[in-house]
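These are the residues of each chain, in order.
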Amino acid sequence: MSQDIHIKKGLDIKLKGEAEKATENARSSNVFTLKPEDFHSIIPKLSVKVGAKLKAGEAVFYNKANEEMKFPSPVSGELIEIVRGEKRKIVALKINADTKQQFVDFGIKDPKALKADEVKNHLLAAGCWPFIKQRPYDVIANPANTPKAIFVSAYASAPLAADYDYVLAGKENQLQAAVTAISKLTSGDIHVSVGKNSNSPFTGLDNIVLHNISGPHPIGNVSTQIAKISPINKGEVVWTVSPQDLVIIGELLLTGKFNAERIIALAGSSVESPKYFTTKIGASIASIVNGKLKEGGNRVISG
């Protein structure tokens, strides 16, 4: 049964350049970059050296505080550079992608048959655990914790944000596999919020509590939804996962492959033809925007 949530306070900013509902493949990016600073609160330790040959899904670095928490390469290729900052801090790792992609085979899994510890171990080994965030603090979830609930916001209310109903279309099998697996990790429910009267692929899925939400921004922010559905009390934690990360988790379970594919919206008044593009985690911004912006001074904002 779905539950309705509505807020009145907020603001929708009407910006020009909304993305057309059409998807193209972004230009192939030769070099993919991983930045450990994108993952709050972890100290990276390298798993490989410069010159190492990698498969997509193979660990590039891990968390010093928890060696089981691995961070995988989004593509197969060669690690060509480790960019370091002060005190030899790892700033970025650059991977030169192969023309033909090869994947680590993590094995096909039946989400319904997995136990909680098996789900955790599989996601940790395949590098999918960093997709699961913990509130408060929005850090990578601690595998030793059991959250009181897990939240997924499948409605984006921010200006020019990608339409989840569009980018997730046809991904019902992957989403179902993912939510079935991660439902084993909480003592509570998986709360999924979708736009009221939307045509969301989450509608009709098992193992979730569906919420129809409406109102101005920030109704699409998962923090707002948590506050309305199940506020965090002292000593409690909840976990969050983004819908496109659920697709990657689901594909891992169904195919045994870590597929770091993303569909993003290139939008805004400076874009010649705003639309959606299929790319991968770590791809260069140039591979997406080159030749697609109007002349003049443009600022590219990610997010």
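A few points on the structure. Because the structure is predicted, anything quoted here is derived from the model rather than measured.

Our next topic: the overall build of the protein. Across its full length, the protein carries six helices and 17 strands. Radius of gyration (C-alpha) of the protein: 19 Å, near the 19 Å computed for a compact globule of 303 residues. A principal-axis box enclosing the C-alpha atoms of the protein has dimensions of 55 × 55 × 35 Å. In the protein, buried positions account for 45% of the 303 residues. A fraction of 67% describes how many contacts in the protein between residues 6 or more apart in sequence connect residues 24 or more apart. When the accessible surface of the protein is totalled, it reaches about 15,700 Å², and 47% of it is carbon and sulfur. The averaged location of the 30 negative side-chain charges in the protein is 4 Å from the averaged location of its 38 positive side-chain charges.

Within this structure, the stated rule accounts for six aromatic pairs. Taken together through their ring pairs, the aromatic side chains of Phe39, Phe61 and Phe71 make up a single cluster.

Attention now goes to the environment of Pro111. As for its placement among the helices and strands, Pro111 is situated in the loop between β9 (90-97) and α1 (116-126). Overall, the relative accessible area of 9% leaves Pro111 in the buried class. In sequence terms Pro111 and Ala178 are 67 residues apart; their C-alpha atoms lie 7.5 Å from each other. Sequence-distant contacts of Pro111, defined by excluding residues within four places in its chain, comprise Ala177, Thr180, Ala181, Lys184 and Leu253.

This part takes up a nonpolar patch on the surface. Among the surface-exposed residues, Leu11, Ile13 and Leu15 lie close enough to one another that they form a single nonpolar patch of about 310 Å² accessible area. Examined against the element boundaries, Leu15 turns out to sit in the loop between β1 (3-6) and β2 (23-25).

This paragraph deals with the side chain of Glu251. With respect to the element layout, Glu251 can be found in helix α5 (residues 243-255). One buried charged residue, Glu251, forms no salt bridge at all, with the nearest opposite charge on Lys171 at 5.4 Å. If sequence neighbours within four positions are ignored, Glu251 has contacts with Gln174, Gly256, Lys257 and Asn259.

A two-sided burial pattern is seen for strand β12 (residues 150-153), the buried positions comprising Ile150 and Val152 on one face and Phe151 and Ser153 on the other. Judged from the four bridges that link them, β12 and strand β13 (residues 190-195) form a sheet pairing that is parallel. Looking at β13, one finds that Val152 is bridged to Val192.

Further remarks concern the nonpolar core. If you look at the biggest cluster of nonpolar residues, it comprises 59 residues, and the most contacted ones within it are Leu123, Trp129, Val192, Phe202 and Leu246. Formed by six residues, the second largest nonpolar core is a distinct cluster that contains Leu266, Val271, Phe277 and Ile288.

Two strands in a sheet stick together by hydrogen bonds in their backbones, pointing the same way (parallel) or opposite ways (antiparallel). Pairing is mixed across the open sheet formed by three strands, whose spatial order is β2-β17-β16. The sheet is open, and its two borders are formed by β2 and β16 (261-266), each paired with just one other strand. In this sheet, neighbouring strand axes are inclined to one another by 35° on average, regardless of whether the strands run parallel or antiparallel. Here β2 pairs with strand β17 (residues 275-280) via three bridges, running parallel. If you follow Thr23 over to β17, its bridge partner there is Tyr276.

Arg135 connects to Pro136 through a cis peptide bond whose omega is 5°. Residue placement: Pro136 occurs in the loop between β10 (133-135) and β11 (139-140). Following His217, the chain continues into Pro218 via a peptide bond in cis, with omega recorded as 25°. Its location among the elements puts Pro218 in the loop between β14 (209-214) and α4 (222-229). Positive phi, close to 85°, is recorded for Tyr137, a residue that is not glycine. Within the element layout of this structure, Tyr137 appears in the loop between β10 and β11. Overall, the relative accessible area of 72% leaves Tyr137 in the exposed class. Non-glycine residue Asn197 carries a positive phi angle of around 65°. The residue Asn197 is located in the loop between β13 and β14 in this model. Classification of Asn197 as exposed rests on a relative accessible area of 75%.

Conventions we followed
- Residues numbered from 1 in each chain as written.
- Predicted model: local features only at pLDDT ≥ 70, side-chain atom pairs only at ≥ 80, totals over all residues.
- Heavy atoms only, no water.
- Helix = DSSP H or I, 4+ residues; strand = E, 2+ residues; numbered from the N terminus.
- Rg over C-alpha atoms; globule rule 2.2 N^0.38 Å.
- Buried < 20%, exposed > 50% of the residue type's maximum accessible area, 1.4 Å probe, protein only.
- Contact = heavy atoms within 4.5 Å.
- Areas by Shrake-Rupley, 256 points an atom, 1.4 Å probe, with all protein chains shown as cover.
- Lys, Arg positive; Asp, Glu negative; His and termini not counted.
- Charge placed at Lys NZ, Arg CZ, Asp CG, Glu CD.
- Phe/Tyr/Trp six-rings, centres within 6.5 Å; stacked < 30°, edge-to-face > 60°.
- Patch = residues over 30% accessible without salt bridge, like charges linked within 9 Å, V, L, I, M, F, W, Y side chains within 5 Å.
- Salt bridge = Lys/Arg side-chain N within 4 Å of Asp/Glu carboxyl O.
- Pairing = 2+ DSSP bridges.
- Core = buried A, V, L, I, M, F, W, Y, C linked by side-chain atoms within 4.5 Å.
- Axes fitted to C-alpha atoms, helices over the stretch in contact; angles between N-to-C directions.

Remember that the coordinates give geometry; whether it matters functionally is a separate question.
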